[in-house]
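# Summary of the model geometry
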Amino acid sequence: MDAQAVPSTAAPGTGAPDHPGERSAGAGAALLAVGLGTLLTLMAFTAPATTLAATAHGLHSGAVAQTWMLTGTPVGLAALLLTIGSVADARGRRRTFAAGAVLLLLATALSAAAPGTGVFLAGRIAQGVASAAVLAAGLGLIADTHPAGRHRVRALGVWGATVGGGIAVGPVYAAVMTQLWGWRSLYWGLALLAVPVAALSATVPESRAAHPRRLDLAGALTLGAGTAALVAGFGESRGGWLRPAVLVPLAAAALVLALFAAVERRVAEPMLDPALWRNPTFLAGGIGALTTGLAVVGLFSYLPTMVQGVLGTGAIATSLLFVVWSGVSAVFALLSRRLAPHMGAATQAALGLGISAVGQAAMYGMHVGGSYGRLFPGLAVAGVGSGILNAALARLAVAGVPAERSAMGSGANNTARYVGSALGVALTVSVVTAAHGHSPAGALAAGANHAFLLSAATCLTGATAILLLPRRP
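Scope of this entry: the structure provided in the associated data block. All figures in this text were calculated on a predicted structure; none of them were measured in a lab. Starting afresh in each chain, residues are numbered from 1 along the sequence in its written order. Per-residue local features of the predicted model are confined to residues with pLDDT of at least 70, and side-chain atom pairs are confined, for both listing and counting, to 80 or more; whole-chain, interface and lining totals are unaffected and use all residues. Excluding hydrogens and water, the side-chain values take into account all heavy atoms of the structure.

## Some remarks on the packing of aromatic side chains
The cut-off we apply is this: Only rings of Phe, Tyr and Trp enter the pairing, Trp through its six-membered ring, and a pair is recorded when the two centres are within 6.5 Å. The plane angle decides the type: under 30 degrees is stacked, over 60 is edge-to-face, the rest tilted. Helical segments are the DSSP runs of H or I of at least four residues, strand segments are the runs of E of at least two, and each set is numbered from the N terminus. Relative accessibility thresholds used throughout: buried, under 20% of the residue-type maximum; exposed, over 50%; partly exposed, between the two (1.4 Å probe, protein chains only).
Summed over the entire model, instances satisfying the criterion amount to 8 aromatic pairs. Aromatic pair Phe-120 and Trp-183: ring centres 5.6 Å apart, planes at 85 degrees, arrangement edge-to-face. Note that Phe-120 is positioned in helix 5 (residues 117–145) and Trp-183 in helix 7 (residues 183–200), a separation of 63 residues in sequence. Under the relative-accessibility criterion, Phe-120 is labelled buried at 1%. Ring centres of Trp-183 and Tyr-187 lie 6.2 Å apart, and the angle between their planes is 75 degrees; on these two criteria the pair is classed as edge-to-face. One end of the pair is Trp-183 and the other is Tyr-187, both in helix 7 and 4 residues apart, which spans about a single turn. Linked through ring pairs, Phe-120, Trp-183 and Tyr-187 together constitute an aromatic cluster.

So, in structure tokens, the structure goes:
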């Protein structure tokens, strides 16, 4: 099932090593810059999770605006990840990464200084665009400076750990900064943290495809518009699925994405080669990323709201739930390199999803007046699964495509993750709000338990689908 990565085809002088399996001279610098950049993007992504109420109060934002505070960054991410990945392969991965870091600085500063809701939301969407550049180009830089072998496995484990670390640190950082100095301070802090990321990018060797493809403009426009409409429709579904605000963008997304598929079959150099859908390694990465978004990111994005509503905990205490889950995830992403000699990346992804399912099911039993610590064992087990899964998805993202298109592979994989997360949050909210109880808190507890079981079942379904794929490309 797990194809080996195609040998590097980076252009001469771009940092690729002379001998396969050896790191290039800029490998350490690339890993440091990309690791910090990824950590920062995940902190920005999760910042509203525990500070939504304070931000909405400060900006006098209504319910619809609050939905967009959560979905604005995913819209920017999902719409441009694949396109920016293709641009990075053709025009330069370091250049794209550095541009993303600078844009992240400017976008977070815009949100921090926003006089009203509209400007704040524009900043959040721009943060998504910037994060797309950092994530897609960053993983491409790691693939270029760490050819297939033990060095790449270790580097991708570090990258997976920064994903978990960002999710763990982000909500805690946001809650503490908001409590001490107000919600604007967390965005000013993120803007300052983007400065060293942009500076470090100057130490990374440039890399690009030896034979860059022309920009597939029609594919970029249709994919961007389609995924943006899809994520926006899912985000609006929190107020009900049958409203025009949901049905219109979802219908538009279906039409535009069908047009994207038709375009990709006809252009000479498609952004997303249809032949990739016949590659089991690429498919395994896509299924794993989509399931991660649906069942893991979707559930944990809404977990703080459920815990605060049922158990009455504060923002800082609730953010510690992320520390348990994502902290364990970061540790096991680093340790997952020990699995590489014994199993392929697709099998590792299925294992991670299976362990995540066990952890999510173990959280079942939330009730009013229950113990806050009752969730910790399930969170820890789910963190083990997430760590193993994140490292495996990074391996699949770069192994499922030719080496000269590693940033595009990263973009495709992360697009599946963030589209899945938008749908996952929408489904979680729908399941939770549909439950009934003797009180609002009791209904929320019943809905949370339903969400735990649904997420566990979705993880098991994704793991099964990966294991049923053909054993070779």
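## Brief notes about the layout of surface pockets
Spelled out, the test is: Of the grid points, spaced at 1 Å and generated over the protein atoms alone, those admitting a 1.4 Å probe that cannot get out make up cavities, while open sets with protein on both sides within 12 Å along at least five of seven lines make up pockets; any residue with an atom within 4 Å of a point is treated as lining. Grid points are joined across faces, edges and corners, and a volume is the space filled by probe spheres set on the points. Residues are grouped as follows: Ala, Val, Leu, Ile, Met, Phe, Trp, Tyr, Cys and Pro are nonpolar; Asp, Glu, Lys and Arg are charged; all remaining types, including Gly, are polar.
Approximately 850 Å³ is the volume attributed to the largest pocket. Looking at which element gives the most residues to the lining of the largest pocket, the answer is helix 10 (residues 280–311), with 8 residues. Taken together, the residues of the lining of the largest pocket sort by class into 27 nonpolar, 18 polar and 2 charged. What the second largest pocket holds in volume is close to 500 Å³. Around the second largest pocket, the lining comprises 26 residues; the ones closest to its centre are Trp-277, Leu-290, Ala-412, Thr-415 and Ala-416. Among the secondary structure elements, those contributing two or more residues to the lining of the second largest pocket are helix 8 (217–236), helix 9 (244–266), helix 10, helix 13 (376–399) and helix 14 (406–433). Ranked by residues supplied to the lining of the second largest pocket, first place goes to helix 14 with 8 residues.

## Remarks on empty space enclosed by the protein
Over the atoms, a rolled probe matching the size of one water molecule traces out where space is still vacant. One pass over the structure, following the stated rule, counts 2 cavities of 30 Å³ or more. Here the second largest cavity defines a volume of roughly 50 Å³. In this structure, the second largest cavity is lined by Val-153, Gly-157, Ala-333, Ser-336, Arg-337, Ala-340, Gln-348, Ala-391 and Arg-395. Mapped by element, the contributors of at least two residues to the lining of the second largest cavity are helix 6 (150–181) and helix 13. Of the residues in the lining of the second largest cavity, the class split is 4 nonpolar, 3 polar and 2 charged.

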